[in-house]
Amino acid sequence: MSKRMAKGEFQESLGALNPVGHTVLAFESEAAAGAAKQAVLGAGFAALDVLEYTSAELFPDLEDMMRKASGAAGFGYEITLMRRYMTLAGGGAGWLVVYSPAEAQTAKLQAIARKFNARSAVHYGRLLHEDLI
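Residues numbered from 1 in each chain as written. Predicted model: local features only at pLDDT ≥ 70, side-chain atom pairs only at ≥ 80, totals over all residues. Heavy atoms only, no water.

### Topic: helix α4 (residues 103-115)
Phase 1: For α4, which comprises 13 residues, the first-to-last C-alpha distance of 19 Å matches the rise-based estimate of 18 Å (1.5 Å per residue) to within 8%.
Phase 2: Every buried residue belonging to α4 is among T106, L109, I112 and A113, and all of these are buried. Down the axis, α4 shows its buried residues gathered within 120° of arc, on one side only. Facing away from the buried side of α4, by more than 90 degrees, are the exposed residues E103, A104, R114 and K115.
Phase 3: Positive phi shows up at N117, right after α4, with a value of about 55°. (Helix = DSSP H or I, 4+ residues; strand = E, 2+ residues; numbered from the N terminus. Expected span 1.5 Å × (residues − 1). Buried < 20%, exposed > 50% of the residue type's maximum accessible area, 1.4 Å probe, protein only. Arc of directions from axis to C-beta.)

### Describing the pairing of strand β3 (residues 22-27)
Note on strand geometry: in a regular strand, side chains alternate between the two faces of the sheet.
Phase 1: Taken across its six residues, β3 has six buried, putting it largely inside the fold.
Phase 2: In β3, alternate side chains face the same way, and those of H22, V24 and A26 on one face and T23, L25 and F27 on the other are all buried.
Phase 3: Relative to strand β5 (residues 94-99), β3 runs antiparallel, the two being bridged by six bridges. When the bridges of β5 are listed, F27 appears paired with G94.
Phase 4: Inspection of the sheet shows β3 paired to strand β6 (residues 120-124) by five bridges, in the antiparallel sense. (Pairing = 2+ DSSP bridges.)

This is the structure:
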């Protein structure tokens with residue numbers, strides 16, 4: 001079973017971001033992420049399940065992870081995703097990281113990502129990562 005993350009805590013694998021049981025959503029702006037957060041809460045997620053980040057909060061952590069990631073992580077999708085996230089963060093994206101271990105929760109987040117025009121939405125499963133949009 002996956003473990004719910006707390007704000008500022010990033011689950012890693014081989015030094016790369018790997019928040020198993022969570023969905024990482026990036027939106028055009030912090031305001032758009034805030035609006036999407038309200039929809040996520042309205043869809044039945046608990047406040048503890050939804051972590052909101054600004055690009056300023058998230059970007060330094062990703063940059064540090066990229067420098068420290070194992071060479072083995074470079075062969076996986078994690079590094080590709082981290083590069084995507086760094087690009088989005090550099091553009092001022094707003095972020096939500098939502099604890100969503102159940103398939104039904106992921107489906108709700110996929111619908112919210114589409115409704116709020118997410119720029120990226122990735123669910124991190126135990127064995128694979130799934131792009132939701």
